[in-house]
Number of protein chains: 2
Amino acid sequence: MDLLKERIVKEGRVIGSSILKVDGFLNHQIDIQLLNEIGREFKNRFSDIKVDKILTIESSGIGLACITAQYFNVPVVFAKKALSLNLDKDVYVADVFSYTKNTGYNVFVSAKYLSKGENVLIIDDFLANGQAALGLINIIEQAGATAVGVGIVIEKGFQQGRNHIVEKGIRLESLAIIKSMEDNKVIFE
Amino acid sequence: MDLLKERIVKEGRVIGSSILKVDGFLNHQIDIQLLNEIGREFKNRFSDIKVDKILTIESSGIGLACITAQYFNVPVVFAKKALSLNLDKDVYVADVFSYTKNTGYNVFVSAKYLSKGENVLIIDDFLANGQAALGLINIIEQAGATAVGVGIVIEKGFQQGRNHIVEKGIRLESLAIIKSMEDNKVIFE
């Protein structure tokens, strides 16, 4: 997706060899027009699949998932990272390890919002080691639903996320795949 | 906004006299069609105001703000509740006290994403005591920008948020104002 890659090159900032900051258009300030192009592209990539629901994870996946959901005409469910007082007790829980933060955390989805037999498309901003996506897949499996695909905006192709997802037989579509980052430059596959 | 009020009556669940759960369509599972109607209504309510940017707060405001931003054709910025490694050091910070959780927390916005002279519309899901909105207004003031309005989906009219915002001379538009909640019933103003 050239429009996205151009924005990454122009506005993304590389820190070391593995951190890419895209806070200017995706993760803190959000360019809604770009998000619409991204949503349209996800619909193109998954146009042959029946999708009943989009699942993402708070916080940075939410805007992306909501805009994308308009193209699929389905509801969004976002997994929560903390069990609030207001969340039901009947929840699916998965443990996610964050390599960035070097710590594990739980994600929760209320059992009411994922049902047996539903086709669920996972949408998220980044794929690195795939731990968040695997956590969401685990939750979908707990619900007896099917993870029909994973749609990612930016994949760090030099990390292991793709392998983990593909090994589970789940289709992965990433709109920009980064081969390497060095000297403050992003090289796409 | 009748469509919204109908959903609150039908699907909202009242806990005690002050907690309303709308996880089925707004805060955990998100009904994108309803969100579009909400976004359209915010545009109607603020149609006479020049808006350069929409500001909200993670997590539950983000989807709402992104869908609404489509009607204003402006970017969204969401305040973060934790200062991540990936966030810039040059940030505006405000302290927010949560009556629900009985504790304070900081919200952060990178200085790059709010500029002097910008007209900023705050969009959020709930207004109760107004502490989150006041925190966002404080951040907008730090940036030298102007808070031109606050758009709220569900206002707890029996709490003090409205007074705090109106006292600052800022226009507040709430799509559903709750007068009271008792015996598991919501009474609108």
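Residues numbered from 1 in each chain as written. Chains lettered and ligands numbered in written order. Predicted model: local features only at pLDDT ≥ 70, side-chain atom pairs only at ≥ 80, totals over all residues. Heavy atoms only, no water.

- Looking up chain A in an unreviewed UniProt entry gives the name Xanthine phosphoribosyltransferase, with the organism given as Oxobacter pfennigii.
- What the UniProt record of chain A gives under Subunit (unreviewed entry) is the line "Homodimer."
- Per UniProt, chain A has the following entry under Pathway (unreviewed entry): "Purine metabolism; XMP biosynthesis via salvage pathway; XMP from xanthine: step 1/1." (UniProt positions renumbered as here; feature names shortened; annotations may be inferred.)

## Observations concerning the sheet that holds strand β8 (residues 119–127) of chain A
Thinking step 1. The strand order across the open sheet formed by seven strands is β11(A)-β10(A)-β9(A)-β8(A)-β4(A)-β5(A)-β3(B), and the pairing between neighbours is mixed. Two strands in the sheet have a free side with no partner beyond their single neighbour: β11 (185–188) of chain A together with β3 (29–30) of chain B.
Thinking step 2. Where helix α1 (residues 2–11) of chain A meets the sheet, its contacts fall on β9 (146–156), β10 (172–182) and β11 of chain A, and the angle it forms with β10(A) comes to roughly 30°. (Pairing = 2+ DSSP bridges. Helix = DSSP H or I, 4+ residues; strand = E, 2+ residues; numbered from the N terminus. Contact = heavy atoms within 4.5 Å. Axes fitted to C-alpha atoms, helices over the stretch in contact; angles between N-to-C directions.)

## Examining the interface of chain A and chain B
Thinking step 1. With 39 residues of chain A at the contact, the number on the chain B side is 39 residues.
Thinking step 2. The contact between chain A and chain B buries some 3200 Å² in all, and 54% of this surface belongs to carbon and sulfur atoms.
Thinking step 3. In this assembly, chain A and chain B are joined by 20 residue pairs in polar contact (both at pLDDT 80 or more).
Thinking step 4. Of all elements in the fold, only β2 (19–21), α2 (23–27), β3 (29–30), α3 (32–45), α4 (60–72), β5 (76–79) and β7 (103–110) of chain A reach the threshold of two or more residues within the side of chain A that touches chain B.
Thinking step 5. With six residues, the top contributor of residues to the side of chain A that touches chain B is α4(A). (Buried area = accessible area lost by both parts, 1.4 Å probe. Polar contact = N/O pair within 3.5 Å; in protein donor to acceptor, adjacent residues only side chain to side chain.)

## Side note on the packing of aromatic side chains
Thinking step 1. According to the stated counting rule, one finds two aromatic pairs over all chains in the structure shown.
Thinking step 2. Here the aromatic rings of A:Phe97 and A:Tyr99 are separated by 5.1 Å at their centres, their planes lie at 85°, and the arrangement is edge-to-face.
Thinking step 3. The ring of B:Phe188 has B:Lys5 sitting right over it, with the charged end atom 5.6 Å from the ring centre. (Phe/Tyr/Trp six-rings, centres within 6.5 Å; stacked < 30°, edge-to-face > 60°. Lys NZ or Arg CZ within 6 Å of the ring centre and 35° of its normal.)

## Some words on the UniProt feature "binding site: xanthine" (unreviewed entry) in chain A
All names here are of chain A.
Thinking step 1. The UniProt record marks Leu 20, Asn 27 and Lys 156 with the feature "binding site: xanthine" (unreviewed entry), using the residue numbering of this structure.
Thinking step 2. Mapping Leu 20 onto the fold places it in strand β2.
Thinking step 3. The buried category is assigned to Leu 20, whose relative accessible area is 4%.
Thinking step 4. Setting aside its immediate chain neighbours within four residues, Leu 20 contacts Ile 8, Gly 12, Arg 13, Val 14, Phe 126, Ile 154, Lys 156, Ile 178, Met 181 and Val 186.
Thinking step 5. Inspection of the secondary structure assignment puts Lys 156 in strand β9. (Buried < 20%, exposed > 50% of the residue type's maximum accessible area, 1.4 Å probe, protein only.)

## Thoughts on the pattern of salt bridges
Thinking step 1. In total, this model carries 22 salt bridges over all chains according to the counting rule given.
Thinking step 2. The salt bridge partner of A:Glu118 is A:Lys53, with a shortest N-O separation of 3.3 Å. Of this pair, A:Glu118 sits in the loop between β7 and β8 while A:Lys53 sits in strand β4 (residues 53–57), and the two are 65 residues apart along the sequence. Each member of the pair A:Glu118 and A:Lys53 is classed as buried.
Thinking step 3. Of the charged contacts, one joins B:Glu155 and B:Arg162 as a salt bridge, the two residues approaching to 2.8 Å between their closest N and O atoms.
Thinking step 4. Assessed through its relative accessible area of 2%, B:Glu155 is described here as buried.
Thinking step 5. Residue B:Arg162 is classed as partly exposed on the basis of its relative accessible area, which comes to 28%.
Thinking step 6. Put simply, A:Glu41, A:Arg45, A:Asp48, A:Arg171 and A:Glu173 are held in one network by salt bridges that share partners. (Salt bridge = Lys/Arg side-chain N within 4 Å of Asp/Glu carboxyl O.)

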